[in-house]
Each structure stands twice: as structure tokens, then as C-alpha cells.
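The residues making up each chain are set out below.
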Amino acid sequence: MSERAAIFDEMGWPDHIRPPYALVDAWLKSLPAEQLALKRREAEVLFRRIGITFAVYTEGGDPERLIPFDLIPRVMAQAEWQSLRKGLEQRVRALNAFIHDVYHDREILKADRIPERLVLNNPQFRPEMVDLDLPHNVYTHIAGIDMVRTGPDEYYVLEDNCRTPSGVSYMVENREVMMRLFPELFRRAGVAPVAHYGDELLETLRSVAPPNCQGEPTVVLLTPGIHNSAYYEHAFLADEMGIDLVEGADLLVKNEICYMRSTSGLTRVDVIYRRIDDDYIDPLVFRPESMLGAPGLHFATRAGNLTLANAIGAGIADDKAVYIHVPEMVRFYLGEEPLLQNVPTHDCSKPEDLAYTLAHIDQLVVKAVHGSGGYGMLVGPHASKAEIETFVAQLRARPHDYVAQPTLALSTVPTFVESGIAPRHVDLRPFVLSGEQIRIVPGGLTRVALRDGSLVVNSSQGGGTKDTWVLER
Amino acid sequence: MHLSIQHRTVYRYAEPALRVTQALRLWPAACTGQRVIGWQVDVDGKALPYATTDGFGNPVATHTADGAVDQVRIDVQGHVETEDLHGVVGGTLERLPVRFFLFETPLTHVDESIRELAGQVPSINDAIERMHRLCNHVRDRLDYVAGETDSATTAAEALANGSGVCQDHAHLMAASARVLGFPARYVSGYLCAGVEGAEAASHAWAEIHIADFGWVGFDAANRICPNEHYVRIACGRDYHDAAPVRGVHRGGRSETLEVSVSISETPAMPTRGGSPGNRGQSAQQ
């Protein structure tokens, strides 16, 4: 297990416990095994009752199966979090500036700092958005930035999610369940709260009311409906914010003004937190057959009567090939050095990068540029010969569609497994809210790869979650 | 030339629709070679001004009909003074870089046969002449036959069938010009009788961006550059971007469409209605 030795365990478990985990260590040692088993069952019952479910598209069986929740929290010291938070704020400012720029003067393309073709010939570049000014120039109001850690002071951004990132309901619910199971632990630990996420989100959405909004803005959450895998989260967030959860059929656009139908008639809507992809949001602009959105939403936005959050076209910033250039965006728009590092990434559209990728494929992670959720991805060191061969054929046929990255030695956190407690790899998705100001609830969603040695944390690929603690002192 | 346009579109529903929402691109965008004297769009007898402009600079408005909708009637009445600029288009609101129009869309996807068609045009230095030859190639390969293609037909499908209407000619012209490295776009508008063999109609053609000239129109269906018989309305990468009407309806079952266009040469008429095309235009005429 020499490979294991190089991996950073955030707790330093079992023999070199790092200071932020001192309390968790003492707590684990004090808990009798039978009580832990009991608490784990209790946690499952609580989650069932709360109703967090997540349909997994590729697996059969119980579509309401739970995402496994692990009782051992992931802990960050306040100083660790502060440096991350600054980096996240900087990165999201740059991402919003980039999106605004590509739909306005395109200075970064004119300066040749990002290849023009990568933006203009990209399905996520929406000409519909050109020369449209948005409140506070914000496009990605809710961004989920996926981070990994490889050492005490080494963090990398794995990808930026600028469209409709999900998972924040787990962040809030995991904490609630932990507090119910172990109230005495929280009395001693001094953990920064996350329960106010809904308030922060609502404040953010209200701050981006459109120019023609009169009085207090009316905010609604637009869901594709109960068959969507994240429907639970949509209902949860609407409830947390105390706003209406609507489907496309509840909305109506007349004279470029959006209304919601209710028993009391029509109510004007100013801001929509939409959890529907661009392609389905407005059949007058995108897919004509879509029944999920509502016709005219985009034109209401163009006429200054509506804000969609996140904005149409925000996806141009989170394409995996555009990702390569985010550090350059930070320098270009903010005149600062990036605080968060990118994973060194090979762009397979370049012949030399493709050659390198093919020669080292057994050591690399290769990702489809337009894929998400861990689909269309090859983890070289863990792939069979046959899987590699199939993937290489795809890669050779369409090199433009792939990027490759080194397999990082992701940090681990001790996790309950069949045999007891063992280290498992984790990542972190903090949620960054942008409106008139940037707000970040401390921490984020920690996902854990439950299979021994696995680096894939996506819930669709057998991942679980943990409560994420940021210590207040 | 003074042109007076009357364009009526009627959508009828097999049973009353619950709701009809449409986005209209029926107002001429400003450009040289045409001066809008009067322009009005009515929906079911009620004037509809344009509400905003889209990313391509096209004036656009939506309307929604609610309740039991049997039909939607859209009337365009316009009065325009045109001149022949040999297809050269200036004075347009350009929000996108010219190179954006180098990239294909699903309707203008380049397949092997389009690549081959474009390759048959000799690589001469005179770009205008080269595009004229391409224009003739496109027309030679695509008979003008109505009813065999629809708004979802791709350029490649039309070429494989060997026939189509002006929309297909415009798509094929744009797609094959892009193969040769020329930015190209789709334009919707009107054509009045006067071009040999043509009837007054809604029409579509392509614009090709040529160094030293800018955007130049090519109407492959009629093998010419647009002249004073043409009125330019909207543009985009393909039909989807520039369609005069894009709509969705809930309920109503099937939708049928009836279009009539009449265009006459008239003496100047008094101004009526909004005229977005007039903005900032007088200096350029």
C-alpha cells in the first residue's frame, strides 16, 4: 500500500490527528460500537422521513434510494476556510465578468487571451444574450465550485458549475440530521451554521430584480416537475425561502411580462430561480417541443421585466475546455493572481496534448468536454484494458470533445464502512451566491466515494455525503 | 421604388386552443437601401408594436392569445422606399462578430455532399464572382419545388432531395459559403413581383460577408443579388433565428396556416404606425 502512504488524510487518522479534528477524534473514541450502529440506523430513518431521495438514472431498483450519509463529519479550521472563501469569491467574480464580457464587448477574445473559436463555436454560447444588460452584471447567481484537496495547503478546482448546480439541500439537511443525532457534540464544537442558506439565497435573488420591477420583487422557483431527479431539492428550497414552487404551466407571459397563475388570479413575477436547462426554458427560443419552461420568458428578460437565475448562456463559463482558461480570466478581469489553482489540464483538441493523453492514458482522467455527473469519463488507473480501448476509439474520433487531467491523490476522511472505519476520498462543493454582493455559507457539500480506492464521488456513481464543518475559531 | 406590402397570416386550430404564444420578427431592421415610411403589425385587429430587439438586432415582440382560440390573424402593412445597391447591405445593427457566422447550425450542418458542392466552385480571387458561381451551383442542384420540404428540412436533406424552396436555397447557400471560409447568414424578407418568374411573397436569401464589401445578399433561388424588389426584415444563422413567426400552442390539436402577400408599386403614402427601420436611417439614404 505504498500508494496509500502518499494520500493526505484530513483527519490524520488514526495516529496523527490534526488539530481541527481533535473533538471528532475524542467523540469517536468515546462512542461504543453498538451506539454508533444504532445512530447510523437512526440517521437513515431520519433521512427517509425528511424524504431526501435522488433518482439514479443508470441503476435499476428503488428509484427513491437514499444517498448514503456518513456520520463522521468533514472538518475545516476557520483559517483554512477563510483562504478558500477568498479564492472562491475571486473565482466567481471572474466567471461573471467573463460571461458578461462574451455577451458584450468580448475584450478577452479581442486580446487573444482565450481562443475565439472556443467561445463562438460553442453550443453554450447563446447569441440571444448579446448586448443584454443584467442586474449587477451577474449571470451565475448560484455557482457550485467543485474542489479537491491533495495536501494541508493544496486545493484544486475540479470544475465550475455555473448553470443549475444541485446538492445544497444535502448540505443543509446533513447538518440538521447531525444536530438531531448528536446535539451535545455541537454544543462543544463551535461549528459555523448553514441553516440560513435559504435566507441568503432569497436575499441574493431579490437583489437582482429586473429594471422594471416595481416595489418588492416576487420570486418563484421553477422546477421541471416531480419526475426530475432533484425535485426534492426544488421543493425544499422553495419552502426554505417561503416562495412559490411553480412549473411551466403555472407561468404565462403577456406583453413581455411574466405572471404566475394562482387561485387569486394572475400575480406578476419578477425573478425566477429556474432549475430547468437553457434548452428547455423557452420554446420560442430554444427547443420548440419543450413543455417544461414557458414561452416568452426570454423576451420578458430582454424587455427588462424579468430576471432568470441563473441567466441563459451562463454555461459558456463552465465548459470543460473553457475551464482551462479561468485563471487567465482572473488575471484579465481582476488584475489579480488566482488564489485557487486549476488542475493542469490537457486540451485534446491540440495535437501535442492529444498525443500526450494517448501515451499516458493509464495515468490520466479523461473527461468529455460537454459531459457532467461523472458520465463520459475515464479514470485511467482504475480502468480495464477493454474500457481503455473503447474510450481511446471515442477520443481519436472526436479529440475536440475531450480534456485530460492527471489522477490527483484526493484527500481522504475517515468513513464508516462494512469493516469499521476506513479512509475514503472526498471532494467539496461550496455554493457561491452572487447578487449585489457575494455570499457564501461556510463549507459546502462534501461528497465521499464509498468504494475503497474510488475517486468518483458523484451520487450517480455510488457516492455518499458528509456533514461539512467550518469551525468558528 | 415605392413598395406597399400587405401580408396576412392566419393560424387556425382544429379545435379551440387553450393558449397560443408567438414571437414575431415582422418589423424591418434598419439597413441601407430601404427606407421605411410606414409599418404596422396587427394581431387580431390590434396593433402590436415591437417590444425589444434580439441578439441579431432584429425587432421582435411576442403576443399571447388566451382562452378558446380558434384562430390568430397577423396583418403586416408596410410602405417602403427601396433602391438597388447590388446586394450590399450597410447600416445594420451588428451585435455579433462576423466570425460567429462561420459556424454551422443543425439546419445548416455541412455533410460530404455540401462540402463537395462547395468544392466545385473554382478558387478565384474575385470573391463576389466566386459567390455568384456558388449561387448558380446551389440553384442548379436544387430545383424550385414547393411542398417537398418544410421549415425543419436541413440544407443537406434538401440537397439530397434535389429540390426545395427559397428557405432551402438560403440554407444551402449559407452552408456552402461557410465551407469556403466565408461568414454567411440567413435573411428573411419580402420579394415583390418584378424579378422574372417570381410572385410577390415572403422570401428568404443568404448574406455572405466579403472583405471590402461587408455583408452582400445572394438570392440563390433567383440567381441574383437582392435589388430594389427586395425588402429585408430579419437575419440570423438560419431559419430558426430569423423566422417571421415562431409559436407554441397548448391544446387546439393541429394548426393550419394560410398566408397571403401582396406587394404593389405605389406613390408615396402618409406615414402610419411605428417604423423601427427608420431609426438613424435618413443620413444613410
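Please read all numbers here as calculations on a predicted model, not as lab measurements.

1. A short note on a negative patch on the surface
All names here are of chain A. Together, Asp199, Glu203, Asp239, Glu240 and Glu436 give the surface a local cluster of negative charge. Among the elements of the structure, helix H9 (197-206) and helix H10 (231-241) are those that each provide at least two residues to the negative patch. Mapped onto the secondary structure, Asp239 falls in helix H10.

2. Considering the packing of aromatic side chains
Residue and element names in this part refer to chain B. Using the criterion set out here, one finds 16 aromatic pairs over all chains in the structure. Measuring from ring centre to ring centre gives 6.2 Å for Trp27 and Tyr50, while their planes differ by 55°; the resulting arrangement is tilted. Taken together, the residues Trp27 in the loop between strand E1 (2-24) and strand E2 (34-43) and Tyr50 in the loop between strand E3 (46-47) and strand E4 (52-53) connect sequence positions 23 residues apart. Look at Trp27 and you get buried, because its relative accessible area is 3%. When the centroid spacing of 6.4 Å and the interplanar angle of 45° are considered together, the rings of Trp39 and Tyr190 count as tilted.

3. Some words on the sheet that holds strand E7 (residues 257-262) of chain A
All names here are of chain A. Reading across the sheet, the three strands line up as E6-E7-E8 and stay open at both edges, with antiparallel pairing between neighbours. Looking at strand neighbours, the two that pair on one side only are strand E6 (251-254) and strand E8 (265-268), the edges of this open sheet. For this sheet the average axis-to-axis angle between neighbouring strands, irrespective of direction, equals 40°. Looking at chain direction, E6 and E7 are connected through four bridges and run antiparallel. Note that in E7 the partner of Leu252 across the bridge is Tyr259.

4. Some remarks on the domain arrangement of chain B
Residues and elements named next belong to chain B. We note that the domain assignment places domain 1 (2-82 + 244-280) and domain 2 (88-242) within chain B. Computed from C-alpha coordinates alone, the two centres of domain 1 and domain 2 are separated by 23 Å. Taken together, both faces of the contact between domain 1 and domain 2 bury some 2200 Å²; the carbon and sulfur share is 57%. At the boundary of domain 1 and domain 2, one finds zero salt bridges. At the boundary of domain 1 and domain 2, one finds nine residue pairs in polar contact (both at pLDDT 80 or more).

5. Concerning the interface of chain A and chain B
Tallying the contact residues gives 29 residues for chain A and 28 residues for chain B. Broken down residue by residue, the surface that chain A buries against chain B is led by A:Pro127, A:Leu284 and A:Phe299, which jointly contribute 23%. Here chain A and chain B share three salt bridges between them. Put simply, B:Asp66 and A:Lys254 hold a salt bridge, and the shortest N to O gap is 3.7 Å. Counting across the chain A and chain B interface gives 11 residue pairs in polar contact (both at pLDDT 80 or more). Secondary-structure elements contributing two or more residues to the side of chain A that touches chain B are helix H6 (116-120), E6 and helix H12 (297-302) of chain A. Among the elements that take part in the side of chain A that touches chain B, E6(A) stands out by supplying four residues, more than any other. The residue inventory of the side of chain A that touches chain B, partitioned by class, reads 17 nonpolar, three polar and nine charged.

6. Structural notes on helix H7 (residues 168-181) of chain A
Here H7(A) contains 14 residues, and its C-alpha end-to-end distance of 20 Å stays within 8% of the 20 Å for a straight helix at 1.5 Å per residue. Taken together, the buried positions of H7(A) are occupied by A:Val168, A:Ser169, A:Tyr170, A:Met171, A:Val172, A:Glu173, A:Asn174, A:Arg175, A:Val177, A:Met178 and A:Leu181.

7. Thoughts on unusual backbone geometry
Residues and elements named next belong to chain A. That bond from Trp13 to Pro14 is cis: its omega, 5°, falls within 30 degrees of zero. Within the secondary structure layout, Pro14 lies in the loop between helix H1 (2-5) and helix H2 (22-30). Following Ala309, the chain continues to Asn310 via a peptide bond in cis, the omega torsion being 0°. With respect to the element layout, Asn310 can be found in the loop between strand E10 (307-309) and helix H13 (320-323). The backbone of His136 shows a phi angle near 60°, a positive value even though the residue is not glycine. With respect to the helices, strands and loops of the structure, His136 is situated in the loop between H6 and strand E2 (142-151).

Each value, and the rule that gives it
- Residue positions within a chain follow its written sequence, with the count starting from 1.
- The lettering of chains begins at A and the numbering of ligands begins at 1, in the order of writing.
- Under the rules for a predicted model, residues below a pLDDT of 70 receive no local features and side-chain atom pairs below 80 are neither given nor counted, while totals for whole chains, interfaces and linings still include all residues.
- To obtain the side-chain values, all non-hydrogen atoms of the structure were included, while hydrogens and water were left out.
- A patch consists of residues whose relative accessible area exceeds 30% and which take part in no salt bridge; residues with like charges are grouped when within 9 Å of each other, and nonpolar side chains (Val, Leu, Ile, Met, Phe, Trp, Tyr) when within 5 Å.
- Every accessible area reported is derived by Shrake-Rupley at a probe size of 1.4 Å, with residue values counting cover from the shown protein chains alone.
- A side-chain nitrogen of Lys or Arg and a carboxyl oxygen of Asp or Glu constitute a salt bridge if their distance falls within 4 Å.
- Charge counting follows a simple rule: Lys and Arg are positive, Asp and Glu are negative, and His as well as the terminal groups are ignored.
- For charged residues, the charge sits on one atom: NZ in Lys, CZ in Arg, CG in Asp, CD in Glu.
- Helix and strand definitions follow DSSP, with helices as H or I runs of at least four residues and strands as E runs of at least two, each counted in order from the N terminus.
- Between 30 and 60 degrees the pair is tilted, below 30 it is stacked and above 60 it is edge-to-face, where a pair is any two Phe, Tyr or Trp rings, Trp via its six-membered ring, whose centres lie within 6.5 Å.
- Exposure categories follow from relative accessible area, calculated using a 1.4 Å probe and restricted to protein chains: below 20% of the type maximum is buried, above 50% is exposed, and the middle band is partly exposed.
- We call two strands paired when DSSP finds no fewer than two bridges between them.
- Lines are fitted to the C-alpha atoms to define the axes, a helix being fitted only along its stretch in contact, and any angle between axes, read from their N-to-C directions, falls within 0 to 180 degrees.
- Boundaries of every domain are those given by an automatic assignment or by a domain database.
- Joining two parts hides part of their accessible area as seen by a 1.4 Å probe, and the buried area is that hidden amount summed over both.
- Any pair of N or O atoms that falls within 3.5 Å is considered a polar contact. Within protein, one atom must be able to donate a hydrogen and the other to accept it, and sequence-neighbouring residues count only if both atoms are side-chain atoms.
- Contacts are residue-level and defined by heavy atoms, with any inter-residue pair within 4.5 Å sufficient.
- Residues are grouped as follows: Ala, Val, Leu, Ile, Met, Phe, Trp, Tyr, Cys and Pro are nonpolar; Asp, Glu, Lys and Arg are charged; every other residue, Gly included, is polar.
- Helix span is expected to be 1.5 Å times the residue number reduced by one.

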